[in-house]
Amino acid sequence: TGARMAMELHAKSCVSDRIDEVHVALGQLEIAENYVKRITVVGSGEQQPAEPKSIADCLKEIQVTHRGVAEHLQVDLSWDIASPPIDQYVDNGGLFVAAISNLLLNAIQASSRVFVRGKVLHNQLIEIEVIDEGSGIPPALQDEVFQPFYTTKPEGMGLGLAMVKQIAEQLGGNIIYDRRDDQSIFRFQCKTHQVTQRIAREHE
């Protein structure tokens, strides 16, 4: 909030040819603020109100949000997302976006090349793979990666991946870490529903 207020004050004295940069920065701060709020709610154990959202809209939001971050850090970010059926949605789009965003930001910080792949599985699960070419997690510690307070970052708190696991389970899925061919792969899975199923559930 303090950073956003400082940027708003700076915008008042900013020359016209730089004002677009300030607006981009303000937009990113707002996104970060919303992300932190979502993660904090999950960590507190509070039940969030249902926030159904189409998978397509969730993925679009994630792509738009992180494009600028990757460009700023000079990371080659590639997407290979099979088009999900237009009538598929997740029970809580905000949590889905927050979980994938956490995985993606970790990957962008760890590697100069990041790949995101996704597809809807036959058993009404969507799977999003976030792949990076960083050094990864030591084999002896891989069982602890989703435990609270585990981190390989000196400044980290070790809560992000634990929250991602909690979100995956809340959305009826799971999160899996794998190391293959010098790549770190996080597979996030959660349940999807069709619009017809959603309407039926809302009238139960």
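Residues numbered from 1 in each chain as written. Predicted model: local features only at pLDDT ≥ 70, side-chain atom pairs only at ≥ 80, totals over all residues. Heavy atoms only, no water.

What is the right way to look at the sheet that holds strand β3 (residues 88-90) in this model?
Across a sheet, strands are paired by hydrogen bonds formed along the backbone, either parallel or antiparallel in direction. In spatial order, the strands read β1-β3-β8; together these three strands make up an open sheet with antiparallel pairing. The open sheet has two edge strands, β1 (53-54) and β8 (193-194), and neither has a second partner. Two elements, β3 and β8, share two bridges in a ladder whose sense is antiparallel. Bridge assignment links Tyr89 to a residue of β8, and that residue is His193. (Pairing = 2+ DSSP bridges. Helix = DSSP H or I, 4+ residues; strand = E, 2+ residues; numbered from the N terminus.)

Help me out: how do you make sense of the side chain of His193 in this one?
Structurally, the position occupied by His193 is in strand β8. Note on His193: relative accessible area 12%, which makes it buried. Among the polar contacts listed, one links the side chain of His193 to the side chain of Asp91, at a separation of 3.3 Å. (Buried < 20%, exposed > 50% of the residue type's maximum accessible area, 1.4 Å probe, protein only. Polar contact = N/O pair within 3.5 Å; in protein donor to acceptor, adjacent residues only side chain to side chain.)

Before we go on, may I ask you to explain the sheet that holds strand β5 (residues 125-132) in this structure?
The strand order across the open sheet built from five strands is β2-β4-β5-β7-β6, with neighbouring strands paired in mixed fashion. At either end of the open sheet lies a strand with only one pairing partner, and these are β2 (76-81) and β6 (174-180). Taking the axes of each pair of neighbouring strands and ignoring which way they run, one obtains an average angle of 15° across the sheet. When β2 meets strand β4 (residues 113-120), the two strands line up parallel, connected through six bridges. Across the sheet, the residue bridging to Ile81 is Gly118, located in β4. Along the sheet face, helix α4 (residues 93-110) touches β2, β4, β5, β6 and β7 (183-191) and points at about 15° away from the line of β5. (Axes fitted to C-alpha atoms, helices over the stretch in contact; angles between N-to-C directions. Contact = heavy atoms within 4.5 Å.)

Just checking my understanding: could you explain the side chain of Arg187 for this structure?
The topology assignment puts Arg187 in strand β7. Judged by its relative accessible area of 15%, Arg187 is buried. In terms of polar contacts, Arg187 uses its side chain to reach the side chain of Glu129, at 2.8 Å. If sequence neighbours within four positions are ignored, Arg187 has contacts with Glu127, Ile128, Glu129, Asn174, Ile175, Ile176, Asp178 and Arg180.

What's the story with the nonpolar core in this structure? I'm lost.
Across soluble globular proteins, nonpolar side chains have a tendency to be buried as a group. Residues Phe96, Leu103, Leu104, Val114, Ile128, Phe186 and Phe188 are the most contacted members of the largest nonpolar core, which totals 35 residues. Put simply, the parts of the chain that give this core at least two residues each are α3 (55-72), α4, β4, β5, α5 (160-170), β6 and β7. Here this core takes nine residues from α4, the largest share from any one element. (Core = buried A, V, L, I, M, F, W, Y, C linked by side-chain atoms within 4.5 Å.)

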